[in-house]
2 protein chains.
Amino acid sequence: MRPLLFLCLTVLALRAAPPAGPEAALQAIYREALVNGRAYDQLAELVTRHPGRLAGSKALEEAVIWSEHTLTALGLDRVYKQEVMVPHWERGAPETVRLLAENPGGAAIGLTALALGGSVATPAEGITAEVIEVRSLDELAALGREKIAGKIVFFNRPMDPALPNPWDGYRGAVDQRSRGPRAAAEFGAVAALVRSLTLAHDDVPHAGNTAYAPDGGNIPAAALSTLAADRLSAALAANPARRVEMCLHSRRHPDALSHNVIGEIRGTEFPDEIILVGGHLDSWDITPGAHDDGAGVVQSIEVLRIFRALGYQPRRTIRCVLFTNEENGLRGALAYADHARRSGEKHVFAVETDSGGFAPRGFSLGSTQGPVHERAQRWLPLFAPYRVTSFVRGSGGADVGPLMVLGTTVGNLLPDTQRYFDYHHTAVDTLDKVHPRELHLGAGALAALIWLVDREGL
Amino acid sequence: MRPLLFLCLTVLALRAAPPAGPEAALQAIYREALVNGRAYDQLAELVTRHPGRLAGSKALEEAVIWSEHTLTALGLDRVYKQEVMVPHWERGAPETVRLLAENPGGAAIGLTALALGGSVATPAEGITAEVIEVRSLDELAALGREKIAGKIVFFNRPMDPALPNPWDGYRGAVDQRSRGPRAAAEFGAVAALVRSLTLAHDDVPHAGNTAYAPDGGNIPAAALSTLAADRLSAALAANPARRVEMCLHSRRHPDALSHNVIGEIRGTEFPDEIILVGGHLDSWDITPGAHDDGAGVVQSIEVLRIFRALGYQPRRTIRCVLFTNEENGLRGALAYADHARRSGEKHVFAVETDSGGFAPRGFSLGSTQGPVHERAQRWLPLFAPYRVTSFVRGSGGADVGPLMVLGTTVGNLLPDTQRYFDYHHTAVDTLDKVHPRELHLGAGALAALIWLVDREGL
């Protein structure tokens, strides 16, 4: 055959070839994630250089700059920031909670604690009072003002270990932290202590936000480690008159300027249709935030890197959004959705990763238009080699939830759940708790799902 | 209503009530595993008191006594041992592998290594030779005797990181360890080095067995950590004449007496039909063996504890078998199956747990009678709340494999796989690598499957 004819036929054959099927695409995506994955190294940078990324902190704004640089280095079509005013609460000097001795001259016992996010401070000399232990907000209400007034209320209902999914245990106990201190204040309590939300039995206290009444009258509130909670509970069982001293030094400042960080690859066919993948840049002040949500940040960046490395030209615009202030305000997510609404941006799909960098097991999917997770079942055979085995109904995570209201289909990466609440909102949420391959498999799963949505729709 | 009539009606109602359905049974089983699970505490005992449980060792026979006591404390219907003669290989003094300096007077560089199980020793003064690096047994054969004779063969093909399941990477690389040294000896090599079988990039060498020719002519063989393998490879790339010195002090003793340890709850309807759950008591000499297979041992014991705690009266006999000598001989499994065959014991189902104490994700099932895993699909909805999401075709593990040949349906617990080969056959397979809830969920999954097989058949 003459060379030119051969060349023409080859070119025709290549042009006529169907695009690579989804099996091959997913294989290429996962291979890129597993063999050349950068997420773990980037996570090491983020959590080592910029730990304690709480809204209003210097660390968070340094992480904003780091992530803008990291996205820019990918050679994306657009990298930009969105200004957001965020709450600015600071812990101040380390808090102390002490179980006072029964007898004058006895030694007080330190109870490992963390002020809850948003908590007011105690007076400089602290608050000292008797403690009343309750297991629920109902029990608090049943006791009433007579039993509560002047006391420190101690919410001590553990997460239920019988529930296979620790997230269910968390949801069943978190009201004590989020609403307990406000409710205790309404009955005249002088302060609140809350058992840390974890199934681990250790001396690590877990931070987290508490919601106050808008009109003041708030009381200082702190979380106790589970061991400290057990110690206090045992002491109260022996002597209900035992007193605790709490010293919290937190302070609320005026709102501060922060940023959502955004990078995107422009779509070739439908550039105005946006597929979003995101996590949140901020963390509690006392943690490197490796799983929560450093993992989600670097996975979201990695999705764009994978597409760039494979030379994938998406039909729709693929956008990575690193939200600010998820932990104590959700201002980043609200500002992002508000901007999308006002500017008429069309988000066809928005998937969040904020449940830790553990081995991925599935996705939740949700839409105000109907049970979109059912249509995704057709993709399960494609995901079987990678052990992503379920699409369940959901409503996205905190950061993409506001987009669902605007009509966007939202999703949430569901990794393995057993270890998350060992580290959640703690100083031990460190890099060594993240496994590189588990983290990279999560990025692969996100990129694979986005590829499918981009090619086939949901 | 008169008390007696009420009592009679109540008794009739109770008798007429259908037995608790499988949903309720699984819920009770998992609750017992998660809330009252003993497996983790027992694992702490086993690996702390009896690390290094290699066949022929005092540690293994002490673990035999420990497990007999632990089973006896459950108040089972029968606890007994089965005598098994096992190979007795000892590592002796710590091995040394050194990359010699290029120039006289230069310092040698230590390469972190472990003699492979079964390896012969070097002469006391060691073996010093040039090294030839190969990536496969095919490459070895292509080089042939001329290039190989007198040299140390260095098998350095990594596990393939692109494969989502590290077990596939292991299967694709293990021939270098299991058959490489024998093949190298056939071409006149004086010793063999093998890259450790792991995807981790660290200085931890991984032990494991190597198979020798039965008629002698064997050469010393050791595994290098992946970092040491990379270091050696880089040195050889720069100078192929670099020499390595190996000193191995291992020794093969006459076979020693060991034991399978067996405990059982006798079946109420079909006591002669046996459902077996098991793991292996032995481990490599250099490891506590927490995941491999301390986890399987304590999960197997836990299955019986759960049934006892729930007062479950099985229809068939439920038997826990803790096999000896899985790692370097499989003598326990072979002796067990041989005894079953000779005594006419009928094993209807035998499930093994020997893939680490990670979060369970499914089971493999196999039978010479047909695709039994297909019939198990009906149970997937029951397991959905516990995230056991697949039944795939398999042939059991090493220890129950010999029973499959006898017609028994065999199974294998399939936990999450990403972290297993970070620890497999190493000194870092320690208790802290095991998560209590993940371990207990595995025991729950095993007990749930056995309950279903006992009630419904497979």
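For clarity, every value in this text was computed on a predicted model and none was experimentally measured.

With that settled, the discussion passes to the interface of chain A and chain B. Taken together, the contact between chain A and chain B spans 22 residues of the former and 22 residues of the latter. Of all the elements in the fold, those that place two or more residues in the side of chain A that touches chain B are α2 (22-36) and α16 (436-456) of chain A. The leading source of residues in the side of chain A that touches chain B is α2(A), at four residues. Classifying every residue of the side of chain A that touches chain B by side-chain character gives 11 nonpolar, four polar and seven charged.

What follows concerns helix α10 (residues 290-310) of chain B. The buried count for α10(B) comes to 18 of 21 residues, which makes it a mostly enclosed element. One or two positions beyond α10(B), positive phi appears at Gly311(B), with a value near 65°.

When two helices pack together, their arrangement is captured by the angle between the axes and the distance separating the axes. Residues and elements named next belong to chain A. Between helix α3 (residues 39-49) and helix α10 (residues 290-310), whose axes approach to 9 Å, the crossing angle comes to 130°. In terms of axis orientation, α3 runs oblique to α10. When the axes of α3 and α10 are compared, the crossing they make is right-handed. For the pair formed by α3 and α10, the contact residues are Ala39, Gln42, Leu43, Leu46 and Val47 on the first element and Ala290, Gly294, Ala295, Val297, Val298, Gln299, Ile301 and Glu302 on the second.

Quick look at the domain arrangement of chain A now. Residue and element names in this part refer to chain A. For chain A, the assigned domains are domain 1 (20-89 + 254-456) and domain 2 (92-249). Here the C-alpha centre of domain 2 lies 34 Å away from the C-alpha centre of domain 1. Counting residues at the interface gives 15 residues for domain 1, matched by 16 residues for domain 2. No other element matches the three residues that helix α15 (residues 420-423) contributes to the side of domain 1 that touches domain 2. Taken together, the residues that form the side of domain 1 that touches domain 2 break down as seven nonpolar, six polar and two charged.

Okay, the confidence of the model for chain A next. Residue and element names in this part refer to chain A. The share of residues in chain A with pLDDT of 70 or more is 96%, and the mean pLDDT across the chain is 95. Predicted confidence for residues 1-18 stays below pLDDT 50, and this span has one contact to residues more than four positions away or in other chains. Reported confidence for the predicted complex is 0.93 by ipTM and 0.94 by pTM.

Quick look at the environment of Glu130(A) now. Residue and element names in this part refer to chain A. Relative to the helices and strands, Glu130 is located in strand β5 (residues 127-134). Look at Glu130 and you get partly exposed, because 14 C-beta atoms sit within 10 Å. With 101 residues separating them in the primary sequence, Glu130 and Ile29 have C-alpha atoms 59 Å apart. Aside from chain neighbours lying at most four places away, what touches Glu130 is Lys151, Ala241 and Arg243.

Another aspect to go through is the relation of the copies chain A and chain B. For the pair chain A and chain B, the best superposition has an RMSD of 0.0 Å and corresponds to a rotation of 180° with a translation of 0.0 Å parallel to the axis. Taken together, the turn and the small shift mark the pair as related by a two-fold rotation axis. For chain A, the residue whose C-alpha comes nearest the rotation axis is Thr389(A), separated from it by 3.4 Å. Of the interface residues in chain A, 100% have counterparts in chain B that sit at the interface too, so the contact is made through matching surfaces.

Okay, unusual backbone geometry next. Cis geometry marks the peptide bond from Asp292(A) to Asp293(A), where omega comes out at 0°. Turning to its location among the elements, Asp293(A) is positioned in helix α10. With phi around 65°, Leu330(B) is a residue other than glycine that occupies positive phi space. With respect to the element layout, Leu330(B) can be found in the loop between β12 (316-323) and α11 (331-343).

The rules we used
- Residues numbered from 1 in each chain as written.
- Chains lettered and ligands numbered in written order.
- Predicted model: local features only at pLDDT ≥ 70, side-chain atom pairs only at ≥ 80, totals over all residues.
- Contact = placed C-beta atoms within 7 Å.
- Helix = DSSP H or I, 4+ residues; strand = E, 2+ residues; numbered from the N terminus.
- Nonpolar A, V, L, I, M, F, W, Y, C, P; charged D, E, K, R; others polar.
- Buried ≥ 20, exposed ≤ 12 C-beta atoms within 10 Å, placed from the backbone.
- Axes fitted to C-alpha atoms, helices over the stretch in contact; angles between N-to-C directions.
- Parallel < 35°, antiparallel > 145°, perpendicular 65-115°, else oblique.
- Left-handed = near helix turned anticlockwise from the far one by under 90°.
- Domains from an automatic or database assignment.
- pLDDT = per-residue confidence, 0-100.
- Least-squares fit on C-alpha atoms with pLDDT ≥ 70 in both.

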